[in-house]
Every structure is written in structure tokens, then in C-alpha cells.
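Secondary and tertiary structure notes
What follows is each chain in one-letter form.
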Amino acid sequence: MSYAIAGLALLAAVTLVNALLTVAVSKRWRTTMAPAPPAAAPGPPALAVQEGDRAPAFTLRTPAGDVGASALAGQPALICFLRPDCGPTRDSLPGIRRWAEANTPSGARLVAVVSGSPADAGPLLEAVGPLTALTATDPLDGPVAGAFGVRHHPSFVLLDAEGTVTGTGIGQGSLPALDLLSA
């Protein structure tokens, strides 16, 4: 009888060790096979230029001629990066219009860079055309957008008369300067 009890005790011990090993292997397998945790967002999207930076070198071919940072010097300027198929871009047009009406009579410049093909940009160019002759298309991720680090639309860069960035914004309503009556 003592052999039977010893056998049952040994069987119980082996079963307990087997259960513990099974749990350990299952945990290890879950951690190995589990999807990676989502990467933490690095913060809100940002442009390559920040307040206090000088405007980067760029050349934009407009109906009024080539425009670059040096051509904008001497007067404040608002550079708007817009996209034809973007709802927030359309929503920002009244703010851009208010800024242009308040600031361009005193010499400030409005530059509209429409990202995408000229064929797709037509209606948007017509909407901003009455506000400024400094309009042009730039391919998505084109050289002008690349110089400013634009990855989201609409994006705005406000320059002072010396060509220093005084404000940036991404998204409709993101640049408080659009709501101000002066540059």
C-alpha cells in the first residue's frame, strides 16, 4: 500500500511540475507572438521651419514670375500650402481671404502653393487667384513643400519683413495669424 501512495505522490508532483512548465511556456509564447505595442506618437505634426528660423531657400514658379525667400523680403508674407482634395484646406479659405484683405493693401504678400497636379488644382487656384498672383502648383512632396517640411495640409508659414518665420500652423484654424487683422 505504501508503494501505491508513493506512486500517487510522485504522479501528483510530476503533474504539478508539468502544469507549471506549461504556464511558463504559454507566457513566453504570448510575449513572443504578441503584436508590438503601438509606437508612441512623437507629438503633433510639425514643419521643418520653426518660429525664429530664416525662411529656407526655395523657388516657386508663379504667373507673376519666380518667387523665393529673397523676393519676399521687405514685406511680411503668408505662405499657404494647400491641397485640392483636402476638406480642411477648403475650410481655411475664409481665414486666408480675411488675412489677405487685411494685410495685402499694406504690402504684405500672400503665396499659395497648391500641392498636386495642375489639372487637379484648377478650382483651388481659382479660389485663391483673386487674393494673390503668387500662386503655383508644386508636386506632392515637391521641392517647395520639402524645403519647409510640409507633410500635412493645409500648412501655413508666416514670415516677417526680414524673412524670419514668426508663426507656423498645420490644419485649418492652426495659425492664429489668419484670424488677426494685421501681420
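A brief look at the structure comes next. Source: prediction; values computed, not measured. (Residues numbered from 1 in each chain as written. Predicted model: local features only at pLDDT ≥ 70, side-chain atom pairs only at ≥ 80, totals over all residues. Heavy atoms only, no water.)

**Some details on the overall build of the protein chain**
Along the protein chain, the regular secondary structure elements total five helices and seven strands. Ordered by position from N to C terminus, the α and β elements of the protein chain give α-β-β-α-β-α-β-α-β-α-β-β. Taken over 183 residues, the protein chain has a buried fraction of 35%. In the structure as shown, the protein chain presents an accessible area of about 10500 Å², 62% of it carried by carbon and sulfur atoms. (Helix = DSSP H or I, 4+ residues; strand = E, 2+ residues; numbered from the N terminus. Buried < 20%, exposed > 50% of the residue type's maximum accessible area, 1.4 Å probe, protein only. Areas by Shrake-Rupley, 256 points an atom, 1.4 Å probe, with all protein chains shown as cover.)

**Thoughts on the packing of aromatic side chains**
Two aromatic rings are characterised by how far apart their centres lie and by the angle between their planes. On inspection of all chains with the given rule, the structure shows two aromatic pairs. Among the aromatic side chains, those forming a connected cluster through ring pairs are Phe 58, Phe 81 and Phe 148. (Phe/Tyr/Trp six-rings, centres within 6.5 Å; stacked < 30°, edge-to-face > 60°.)

**Some thoughts on the nonpolar core**
Core analysis: the biggest nonpolar cluster contains 21 residues, and Leu 72, Ile 79, Phe 81, Phe 148, Val 157 and Leu 159 have the highest contact counts within it. Sorting the residues of this core by element identifies strand 3 (77–82), strand 4 (109–115), helix 5 (143–148) and strand 6 (155–159) as the ones contributing at least two each. Those residues in contact with Leu 159, other than ones at most four positions away along the chain, are Ala 55, Leu 72, Pro 76, Ala 77, Ile 79, Thr 164, Val 165 and Thr 166. Core analysis: the next-biggest nonpolar cluster, separate from the first, contains 17 residues, Leu 82, Leu 93, Val 114 and Val 128 among them. (Core = buried A, V, L, I, M, F, W, Y, C linked by side-chain atoms within 4.5 Å. Contact = heavy atoms within 4.5 Å.)

**Observations concerning the pattern of salt bridges**
Once their charged atoms are close, side chains differing in charge can pair, the charge on each being opposite to the other. Enumeration according to the criterion identifies two salt bridges in this entry. The salt bridge partner of Asp 85 is Arg 83, with a shortest N-O separation of 2.6 Å. Taking relative accessible area as the criterion, Asp 85 reaches 58% and is therefore assigned exposed. (Salt bridge = Lys/Arg side-chain N within 4 Å of Asp/Glu carboxyl O.)

**Quick look at the sheet that holds strand 7 (residues 165–170)**
Backbone hydrogen bonds hold the strands of a sheet together, and the pairing may be parallel or antiparallel. Pairing within the open sheet is mixed, and its five strands lie in the order 5-4-3-6-7. Among the strands making up the open sheet, the edge pair consists of strand 5 (135–138) and strand 7. Recorded for the sheet is a direction-independent mean angle of 15° between the axes of neighbouring strands. Sheet topology note: the strand 3/strand 4 ladder contains six bridges and is parallel. Within the sheet, the bridge partner assigned to Ile 79 lies in strand 4 and is Val 111. Contacting strand 3, strand 4 and strand 6, helix 3 (residues 87–103) crosses the sheet at an angle of about 165° to strand 3. Across the face of the sheet, helix 4 (residues 118–128) comes into contact with strand 3, strand 4 and strand 5 while running at roughly 155° to strand 5. (Pairing = 2+ DSSP bridges. Axes fitted to C-alpha atoms, helices over the stretch in contact; angles between N-to-C directions.)

**A look at the packing of helix 3 against helix 4**
Across the interface, helix 3 lies against helix 4 with an axial gap of 11 Å and an inter-helix angle of 20°. Classified by the interaxial angle, the pair formed by helix 3 and helix 4 is roughly parallel. In this structure, helix 3 crosses over helix 4, and the sense of that crossing is right-handed. Here Thr 89, Leu 93 and Arg 97 of helix 3 lie close against helix 4, whose contacting residues are Leu 124, Ala 127 and Val 128. (Parallel < 35°, antiparallel > 145°, perpendicular 65-115°, else oblique. Left-handed = near helix turned anticlockwise from the far one by under 90°.)

**Here we look at helix 1 (residues 2–33)**
The periodicity of an α-helix, 3.6 residues per turn, causes residues three or four positions apart to be oriented the same way. Taking 1.5 Å per residue as the helical rise, helix 1 with its 32 residues ought to reach 46 Å, and the 46 Å between its terminal C-alpha atoms agrees with that figure. Burial within helix 1 is sparse, with just zero of its 32 residues counted as buried. (Expected span 1.5 Å × (residues − 1).)

**Quick word on helix 4**
When we look at burial in helix 4, the residues that qualify are Ala 121, Leu 124 and Val 128. Angular distribution of buried residues about the axis of helix 4 spans 60°; they occupy a single face of the element. Structural note: helix 4 exposes Ala 119, Pro 123 and Glu 126 on the side pointing more than 90 degrees away from its buried face. Here the buried face of helix 4 lies against strand 3, helix 3, strand 4 and strand 5. (Arc of directions from axis to C-beta.)

**Considerations on the pairing of strand 5**
Sheet topology note: the strand 4/strand 5 ladder contains four bridges and is parallel. Among the inter-strand pairings, Val 114 is bridged to a residue of strand 5, identified as Thr 137. Handedness of the β-α-β unit built from strand 4, helix 4 and strand 5 comes out right-handed. (Right-handed = clockwise from strand over helix to strand, strands pointing away.)

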